[in-house]
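The primary structure of each chain is shown beneath.
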Amino acid sequence: MSMPRRSPLPGVHRIARALAITAAATGVLAAAVGTAEAAPAEPPSRKDVKAQVDQLYDEAEKASERFNAAEETQKRLQAESGRLLDEVAAGQDGLNRLRGELGAVAAAEYRAGGMDPTVQLMLSSDPAGYLSRARSLDQAAARQAETLHELVDRQRRLDQRRAEAQAKLGELDQVRRSLTESKREVQQRLATAQHLLDSLGAAERARLAAQDAEEAESRATRGTDRLDLGNQPASSERAAAALAAAIAKIGSPYVYGSTGPRTFDCSGLMYWSWRQAGVSLPRTSQEQAHAGQRISLAEARPGDLVIFYKDAHHVGMYAGGGVVVHAPYPGAKVRYESVSAMPVSGVVRV
């Protein structure tokens, strides 16, 4: 008798069906993911580009101030190392002369010292002349001792100057490398910012430029006929002259590392303007933050320097009425701006 055929194990059909469904779903998902990866990325929005460009400009300005500082340090080190090298050359010439004098005295003593002085006197046909020469030799020996002491002292000072000059040259080499790195960093930030701007269409770039102009206009206006700077006097005659010089440059382009007279960066505008008033400021915004008396923003008067951000990487000049004149960033020009447009870290009265 044949045995009845058993049905499959319970659940087998359900498991097989579930596996088939899962495989199909996985295939669909993989296809969907592949399609998503292949799909071109959406172009960045004007808002995103503006935020990124603003950040890049800010980073570039920080790098530019580092570049300015390194450039000033390089100038100082070049002058100091040049002076030290001149001192080393002059000191070596002096040492050579002293050595020549010592050699001459030593030769004279050798020539005179081959015979006992008493015998020399007895045999001398000119005793008086001999005694005179002997006294001269004694004096020469004393001078020789003094010269020897001076030689040792000069050699010590010369070795010290050589070590100082070598240290300055080493420091100068490091500063030059820092200059190269800071310059490269500025260029990279600017290139990235330009690439982002180029990613926008022409119409979007135009709208972004119009937006920047509108925002600048809302913070402060370029036209003095619509700008109330108040009637507060400058902190000094020189401050008034410096402010007049800065205002005269409204509309000048921003260029990193520039100190005028046609283009400026932020600290370069302050440096140039105060030079017109007969005052030599330090070159960078960080140094300018310590170029005078620190006062509160409430005490600010026209001509005072306003330092922005905690790391002091931006600076403007107070013009009155809660407004500064400054060089903002690449693509912008020297203009008036509300002092509240950026975080103030200090005010300096030169």
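Shown above is the structure to which this text applies.
So, how was this worked out
Residues numbered from 1 in each chain as written. Predicted model: local features only at pLDDT ≥ 70, side-chain atom pairs only at ≥ 80, totals over all residues. Heavy atoms only, no water. Pairing = 2+ DSSP bridges. Helix = DSSP H or I, 4+ residues; strand = E, 2+ residues; numbered from the N terminus. Axes fitted to C-alpha atoms, helices over the stretch in contact; angles between N-to-C directions. Contact = heavy atoms within 4.5 Å. Buried < 20%, exposed > 50% of the residue type's maximum accessible area, 1.4 Å probe, protein only. Core = buried A, V, L, I, M, F, W, Y, C linked by side-chain atoms within 4.5 Å. Salt bridge = Lys/Arg side-chain N within 4 Å of Asp/Glu carboxyl O. Phe/Tyr/Trp six-rings, centres within 6.5 Å; stacked < 30°, edge-to-face > 60°.

A. Local environment of the sheet that holds strand E6 (residues 344–349). Strand order in the open sheet formed by six strands is E1-E6-E2-E3-E4-E5, with antiparallel pairing between adjacent strands. At either end of the open sheet lies a strand with only one pairing partner, and these are strand E1 (293–295) and strand E5 (335–338). Each strand axis lies, on average, 40 degrees off the axis of its neighbour in the sheet, ignoring direction. Bridge analysis of E1 against E6 gives three bridges, and the strand direction is antiparallel.

B. Structural context of the environment of Pro 343. Take Pro 343: it is sitting in the loop between E5 and E6. It is 5.4 Å that separates the C-alpha atoms of Pro 343 and Tyr 309, two residues lying 34 residues apart in sequence. Ignoring any residue separated from it by four or fewer positions in sequence, one finds Pro 343 in contact with Ile 307, Phe 308 and Tyr 309.

C. Up close: the pairing of strand E3 (residues 314–320). Of all seven residues that make up E3, seven are buried, and the element is covered over most of its length. As paired strands, strand E2 (residues 305–308) and E3 are joined by four bridges and run antiparallel to one another. Looking at E3, one finds that Phe 308 is bridged to His 314. With three bridges joining them, E3 and strand E4 (residues 323–326) adopt antiparallel strand pairing. Paired with Gly 320 across the bridge in E4 is Val 323. Hairpin connection from E3 to E4: two residues lie between these consecutive antiparallel strands, with Gly 321 at a positive phi of about 65 degrees.

D. Region of the structure containing the nonpolar core. Ranked by size, the top nonpolar core spans 43 residues in total, and within it Trp 274, Leu 305 and Met 317 carry the most contacts. Mapped by element, the contributors of at least two residues to this core are helix H2 (46–112), helix H4 (127–198), helix H6 (237–248), helix H7 (266–276), E2, E3 and E4. For this core, the element with the most residues is H2, which contributes six residues. Residue contacts for Met 317: discarding those within four places in its chain leaves Ala 242, Leu 243, Ala 246, Met 270, Ser 273, Trp 274, Gly 303, Asp 304, Val 323, Val 324 and Val 325. Counting residues in each nonpolar core, the second largest holds nine residues, with Ala 300, Val 324, Met 342 and Val 347 among its members.

E. Expanded view of the pattern of salt bridges. Per the counting criterion, the structure on display carries 18 salt bridges. Its salt-bridge partner being Glu 80, residue Lys 168 comes within 2.7 Å of it at the nearest N-O pair. One end of the pair, Lys 168, is in helix H4; the other, Glu 80, is in helix H2, and 88 residues separate them in sequence. Across the pair Glu 185 and Arg 189 runs a salt bridge whose closest N-O atoms are separated by 3.6 Å. Of this pair, Glu 185 and Arg 189 both sit in helix H4, separated by four residues, roughly a single helical turn. With relative accessibility at 17%, the residue Glu 185 sits in the buried group. A relative accessible area of 23% means that Arg 189 is categorised as partly exposed.

F. Here's a closer look at the packing of aromatic side chains. Summed over all chains, the structure comprises three aromatic pairs. With 5.9 Å between their ring centres and 15 degrees between their planes, Tyr 57 and Tyr 329 make a pair best called stacked. On the criterion of sequence distance, the pair formed by Tyr 57 in helix H2 and Tyr 329 in the loop between E4 and E5 is long-range, its members being 272 residues apart. According to the relative accessible area criterion, Tyr 329 is partly exposed, its value standing at 24%. Here Tyr 254 and Tyr 256 contribute two aromatic rings whose centre-to-centre distance is 5.1 Å and whose plane-to-plane angle is 85 degrees, an arrangement assigned as edge-to-face. Comparing Tyr 254 with Tyr 256 shows no difference in burial state: the two are buried.

Scope: geometric values only; no functional claims are made or implied.
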